[in-house]
Amino acid sequence: MSRRSGLPAAAAALLCAALSGCRGIQSSLDPAGREAAKISGLWWLFFYVCTAVFVLVLAFLFYGVFRRRSEDALGARERGKTYVAIGAGATAAILLLFLVVSVSAGREIAEPAGPDALKVQVIGHQWWWEVRYPASPANRTVVTANEIHVPVGRPVFLELLSGDVIHSFWAPNLHGKKDLIPGRINSHAFTAKKAGVFRGQCAEFCGLQHAHMAFTIFAETPERYSAWYEKQLAPAAEPSTPSQERGRQVFVSNSCVFCHAIQGTPAFGQVAPDLTHVGGRGTLAAGSVANNPGNLAGWIADPQSIKPGNHMPPMLMAPEDLLAVTDYLESLK
Amino acid sequence: MSSRRTVDVSRLPDITLDSGALFWWATAGLIAIEAMSFAIIIATFIYLRMTVTDWPPPTLPPPDLRWGIAGLVVLVISCVPIRMAEKIAGRGRPEEDRRRIAALIRVFLLIAAVAVAIRLLEFPGTHCKWNNSAYGSVIWTTLGIHLLEALAGFAEFAVVAAVLVGSHAEEKHLLDVRACALFWYFIVAVWIPLFGMIYVFPRLS
Amino acid sequence: MKTSREPVRKPPAAPEPAPLPAALPEAELPAHEREELRRAFETQRGFFGSLKSVDHKVIGKRYVITALVFFVLGGIEAMTMRLQLAKPENSLLGPDLYNQVFTMHGTTMMFLFAVPVMEGLAVYFVPLMVGTRNVAFPKLNAFGYWIYVLGGAFVYGGFFLNRGNDTGWFSYVPLSGPQYAPSHRVDIWANMITFTEVSALAVAIEIIVTAFKQRAPGMSLNRIPLFVWSVITTNFMVIFAMPAVMLASGYLALDRLVGTHFFNPAEGGDPLLYQHLFWFFGHPEVYIIFIPALGMVSTILAASTKRPIFGYTALVLSVVATAFLGFGLWVHHMFATGLPQLGESFFTVASMMIAIPSGVQIFCWIRSLWGSRPRMTTPFLFVLGFFFIFIAGGMTGVMLASVPFNLQVHDTFFVVAHFHYVLIGGAVFPLFGALTFWFPKLTGRLLSETLGRWTFAVMFVGFNLTFGPMHWLGFRGMPRRVYTYLPEMGWGPANLAATIGAGMLGVGVLLFLINAARSLRSGEAAGNNPWGASTLEWATSSPPPPYNFERILVVSNRDPLWKPEEMAVVTGMRTDRREVLTTRPLDAEPDHRAVLVGPSIWPLFLAFALAVGLVGSVFTPWAILLSGFLFLVAMIGWYWPKGEPSGHNARTAS
């Protein structure tokens, strides 16, 4: 508890309060996207109709149980058949209503995203999300991790892949979930209608750290989105202090480079999150802890105590090296 | 008074050789379970076929028809002595008929042994192994499971024949002959669609 | 409803029919024949004798008690999980242990508790309710129990040695495949599945044959007790559902142990194949658990209202329709996998349609209760609780059939809430009602009503407190199967409430066990028919003698004990051997007198032979050879002709 005390909780609370009022940032009942709004409309219809039916049926039941007058006349039994038939008919009618609204909502949601849609590839890994923005000159492709920036109002077309086991992509404020299945490419499309920061989480059990496999979606104005995108295209920032310089040296001469990539340095590892702009991200280890120097240093030195079982080994380095690497990575905005 | 309120069953027989027998029902239940299992194996076949473009995988020829057809034919022929034995058993005269039934079962065991031998040749005839691809996995598994079923039917009949030759032949052993025959017919019948799956299906595309 | 126009007639059932022996003196045997019958059917004495027992009542009771032990274990696992989730970032269980615990909880409750407890009650009560002396295949019955208990011991042995499966009770590939789960944990689990499925299939065959071939004369299809109908339906579902999971776990074992590629996409396999096979079993499995409970509800309702259940035919057809539809819903567990939309719509329709037979049943029950002035006994309270919880769970079930809505709540705590409402409300509440209802028949003693009411009240409140808030948690984004969550998610209070509720639910179960223990020692003697119920299990003493009925009864209506004057008895059955009367499946006309097998140690030996193979093959393929040899020995022993007292007339039927 102590290692995360206060700060991230406060940060998250502030984030929540600032960006979405007191509403949930991972809630299907506070829709911020076209699809989630349709689904929540469906839910409220289900809810009101079912509540009415529930109350009615139980009222009948208890009235029947506590009714004092005994009734088993032959005529009453005949009438009973009529009542059961009416009940079954009413059930069928309600189901038909549900079916029609459900299928029509399903169709609207499944409408293919148009050609202007923003295409994003999400690749699930145990236990983090690789996010790629493919672009036609390959050098305009942006690669990041655990964070997805999208422009408000523009449909987003997701290509969902898995690098290992089955995961499920779920950002409830924007849309329902869709699985990431090895050997398949699934598609999923949503349109953010409101700016905001939303949280998502893996929804298919994927092993030890399924609980700590979250991501953040930043729904932004198109201008802010473009600015973010351009910034991501740039290679990693050059160190501006001797400590950062030393940090880069430690990073590239350590085993970090076997797994991580930092564009503009000799680090080209492909099995773990791209760190080119890691300093600009809000959280570490797929939403496990807030991104600040203390947590980052703690993560590098002993990732297994923050997220037991994850695939990053502890990095044995001198305290001053650790501080330098932390300093360097935090500078990569 | 008491006659109106009692039903006397003392004259009912102790055993029946038709579908009223409990053991016949048990065999039917077993067949239902097996049939469902093979239906799911066929579904597995079709499902795996649908997920890939090439079936069998490229560069792999379909399984050899030679042993496949030979195996199918021998299996069908094996039903003949069984059917004859079963008809005789249906007469319900264990002491008089047991040697003839046992002789027919011995003929059957011979034919079934040939079928099992052919099956062992069918495995290499697939030109692949179980661990090469999903195609190989499902073909080997199907051949293997059906082989186990056939061995079980074979063993059942071997035991029944041994009992019939021994001195204790009773009516209930005639029921065993009929139930085992039912199971063997099923084993042969289920092989026909499985044969189609293994040998014909890959040649269609 | 209004009675002004029609004359009010007396309920068809006389309020207090005379107890059976007085009303039907012919049902009693002369003392020496009774003694002979007892000797013929008795379980042998001593420890070794108890291992050889083939009495369906002994085996049924063992099933129920073993299943309740697993229920308590699964409940302890549930409460451990609830303690871990009571507050954010709790450190009671690490992720590895938590994953094992939630897998064991699901596995235990589905495979080792819910199905076996229903099977156990069926094994105990179906022969009694249809009025016969034992199940059709007594040795198979004993074998089914032994293989079940060995499978349970195997998987728990693994768990206590830190080899509990950690990939979920569903064990999706590739997470459970050779690459991502290299230890023996999944192997043990996959082979345990085979144990329990073999057991379920054994029970299915003998229950179906018993119910179709050994009914009391006169008990034609339209007079079969509703509980027996629901059990017949269930066991047909077992026959068609269980092979799918046996093959799914079999393919998984082959992929893991010999390198096949059924689920490996790199070599032409597909992980979704596993999900299809698993849910083709998994969804019917829910109905396999829940349909017997429907029969219990009808049984308890009829006994509590003292009049025949309304809509017998509609109820039977609804149960059968539910079973059929139950096989057409499996894809609604897979909506998020991205299947073609048209196919999904089909499964939406099927999933919603199943609410129609459920609705018909509920309306029939309400009509049965209408103005009946039921006795508010503990079993009846559990039935009322069933209505409340199950209707709520059924409604969330209808919602889950909607593809778009499903995509939001699938794999969240909303679904956890939904299926606990359906399974605990739909199956466990009727089960506790039925256990209370049948306890006097099983033991000869009544449970305490006071403690029973407390049990119900505590369980009902505890249940809703546990699972009610989970609906909200699902909407607020809490996925299933997470071992912890961050404090800023705001899920803490609802989780704490659920944990407190789970504690209450645990106290409720404890109260039931205390009640049972107290009654066993000093409960009120029950007599033959303490509830004044109408079905044949109440026509004999409590607990029933080894032979169940002195004379086989002949029935002429659906509620024989309410009209004892219309009953008759069968004469001419031999009392010196294990003889049962077989009847024809449709009209239950007497057919022949079959002789069942007696006590035998070979079922236990055969179960051991199979266990050697299934346990050993996890470690070495040679175990299969050893198992095959033992299997052969067991089969020879099983069929070896015995010199029974009845000489050459002794016949084996299993």
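This structure is a prediction, so every number in the text was calculated from the model and none was measured.

(A) Representation of the packing of helix α6 (residues 138–160) of chain C against helix α7 (residues 185–213) of chain C within the structure. Residue and element names in this part refer to chain C. Two elements in contact, α6 and α7, have axes whose closest approach is 8 Å; the angle formed by their N-to-C orientations is 160°. On the basis of the axis angle, α6 is roughly antiparallel to α7. Crossing handedness for the pair α6 and α7: left-handed. Residues Leu-140, Asn-141, Phe-143, Gly-144, Ile-147, Tyr-148, Leu-150, Gly-151, Phe-154, Val-155 and Gly-158 of α6 form the contact with α7, whose own contacting residues are Ile-188, Asn-191, Met-192, Phe-195, Val-198, Ser-199, Ala-202 and Glu-206.

(B) Region of the structure containing the interface of chain C and chain A. Every contact between the two is made by 88 residues of chain C and, on the other side, 93 residues of chain A. Across the chain C/chain A interface, buried area totals approximately 7700 Å², and carbon plus sulfur atoms make up 67% of it. With a closest N to O distance of 2.5 Å, Arg184(A) and Asp270(C) form a salt bridge. Linking chain C with chain A are 16 residue pairs in polar contact (both at pLDDT 80 or more). Residue classes in the side of chain C that touches chain A are distributed as 55 nonpolar, 18 polar and 15 charged.

(C) Fine view of the sheet that holds strand β1 (residues 553–554) of chain C. Ordered by their spatial adjacency, three strands build an open sheet running β1(B)-β2(C)-β1(C), and the pairing between neighbours is mixed. Here the strands that pair on one side only, and so sit at the sheet edges, are β1 (6–8) of chain B together with β1 of chain C. With two bridges connecting them, β1(C) and strand β2 (residues 568–571) of chain C associate as antiparallel partners. Note on β2(C): the bridge partner recorded for Val554(C) is Ala568(C).

(D) Here's a closer look at the interface of chain C and chain B. Listed by partner, the interface residues are 58 residues for chain C and 42 residues for chain B. Between chain C and chain B the total buried area reaches about 4200 Å² when both faces are included, carbon and sulfur atoms providing 66% of it. Remark: the boundary between chain C and chain B carries two salt bridges. Taking the shortest distance from any N to any O, the salt bridge between Arg577(C) and Asp14(B) comes out at 3.2 Å. There are 15 residue pairs in polar contact (both at pLDDT 80 or more) connecting chain C and chain B. Mapped by element, the contributors of at least two residues to the side of chain C that touches chain B are α7, α8 (226–257), α9 (271–305), β2, β3 (579–583) and β4 (590–595) of chain C. Top contributing element to the side of chain C that touches chain B by residue count: α8(C), with seven residues. A class-by-class count of the residues in the side of chain C that touches chain B yields 35 nonpolar, 14 polar and nine charged. As paired strands, β1(B) and β2(C) are joined by three bridges and run parallel to one another. Bridge pairing in β2(C) places Val7(B) opposite Val570(C).

(E) The arrangement of the environment of Val49(A) in detail. Residue and element names in this part refer to chain A. Mapped onto the secondary structure, Val-49 falls in helix α2 (residues 34–66). The spacing of Val-49 and Val-271 is 222 residues in sequence and 49 Å in space, taken between C-alpha atoms. Excluding residues that lie within four positions of it along the chain, Val-49 makes contacts with Ile-94 and Phe-98.

(F) View of unusual backbone geometry. With an omega of 0°, the peptide bond between Gln126(A) and Trp127(A) qualifies as cis. Among the secondary structure elements, Trp127(A) is positioned in the loop between β1 (118–125) and β2 (128–133). Although it is not a glycine, Asn162(C) adopts a positive phi angle of roughly 60°. Within the secondary structure, Asn162(C) is located in the loop between α6 and α7. The class for Asn162(C) is partly exposed, based on a relative accessible area of 40%. At Ser171(C), a residue that is not glycine, the phi angle is positive and equals roughly 45°. Here Ser171(C) is to be found in the loop between α6 and α7. Accessibility expressed as a relative area gives 0% for Ser171(C), which makes it buried.

(G) Layout of the packing of aromatic side chains. Tallying each qualifying case throughout the model produces 92 aromatic pairs over all chains. Ring centres 5.8 Å apart and planes at 85° place the aromatic pair Phe46(A) and Phe405(C) in the edge-to-face group. Residue Phe46(A) is located in helix α2, and its partner Phe405(C) is located in helix α14 (residues 403–409); the two belong to separate chains. You can call Phe405(C) buried: its relative accessible area is 1%. Both rings, one in Phe437(C) and one in Trp538(C), keep their centres 5.3 Å apart while their planes meet at 80°; by these two values the pair is edge-to-face. With a gap of 101 residues between them, Phe437(C) in helix α15 (residues 413–443) and Trp538(C) in the loop between α17 (492–522) and β1 connect regions that are remote in the sequence. This pair shows no difference in class: Phe437(C) is buried, exactly as Trp538(C) is. When the ring centre of Trp191(B) is taken as origin, the NZ or CZ atom of Arg119(B), which lies over that ring, is 4.1 Å away.

(H) Region of interest: the pairing of β3(C). All names here are of chain C. The buried count for β3 comes to five of five residues, which makes it a mostly enclosed element. Neither face of β3 is open: one carries Glu-579, Leu-581 and Thr-583, the other Val-580 and Thr-582, and all of them are buried. Summarising the sheet, β3 and β4 pair through five bridges and their orientation is antiparallel. Looking at the pairing, Glu-579 lines up with Val-595 of β4.

(I) Fine view of the domain arrangement of chain A. Residues and elements named next belong to chain A. For chain A, the assigned domains read domain 1 (31–109), domain 2 (118–233) and domain 3 (242–330). A separation of 22 Å is found between the C-alpha centroids of domain 2 and domain 3. Residue-level contacts link 16 residues of domain 2 with 19 residues of domain 3. Summed over both partners, the interface of domain 2 with domain 3 comes to about 1400 Å²; 51% of that surface belongs to carbon and sulfur atoms. Counting across the domain 2 and domain 3 interface gives zero salt bridges. Summed over the shared surface of domain 2 and domain 3, the number is eight residue pairs in polar contact (both at pLDDT 80 or more). For the side of domain 2 that touches domain 3, the elements supplying multiple residues, two or more each, are β3 (142–145) and α4 (222–233). Top element by residues in the side of domain 2 that touches domain 3 is β3. It accounts for three residues.

(J) Geometry of the pattern of salt bridges. All told, the structure shown has 32 salt bridges over all chains when counted by the stated rule. A salt bridge links Glu130(A) to Arg132(A); the shortest N-O distance between them is 2.7 Å. Using a relative accessible area of 10% as the deciding quantity, one classes Glu130(A) as buried. Residue Arg132(A) is classed as partly exposed on the basis of its relative accessible area of 24%. Connected through shared salt-bridge partners, Asp14(B), Arg577(C), Glu579(C) and Arg593(C) make up one network.

What counts and what doesn't
Residues numbered from 1 in each chain as written. Chains lettered and ligands numbered in written order. Predicted model: local features only at pLDDT ≥ 70, side-chain atom pairs only at ≥ 80, totals over all residues. Heavy atoms only, no water. Axes fitted to C-alpha atoms, helices over the stretch in contact; angles between N-to-C directions. Helix = DSSP H or I, 4+ residues; strand = E, 2+ residues; numbered from the N terminus. Parallel < 35°, antiparallel > 145°, perpendicular 65-115°, else oblique. Left-handed = near helix turned anticlockwise from the far one by under 90°. Contact = heavy atoms within 4.5 Å. Buried area = accessible area lost by both parts, 1.4 Å probe. Salt bridge = Lys/Arg side-chain N within 4 Å of Asp/Glu carboxyl O. Polar contact = N/O pair within 3.5 Å; in protein donor to acceptor, adjacent residues only side chain to side chain. Nonpolar A, V, L, I, M, F, W, Y, C, P; charged D, E, K, R; others polar. Pairing = 2+ DSSP bridges. Buried < 20%, exposed > 50% of the residue type's maximum accessible area, 1.4 Å probe, protein only. Phe/Tyr/Trp six-rings, centres within 6.5 Å; stacked < 30°, edge-to-face > 60°. Lys NZ or Arg CZ within 6 Å of the ring centre and 35° of its normal. Domains from an automatic or database assignment.

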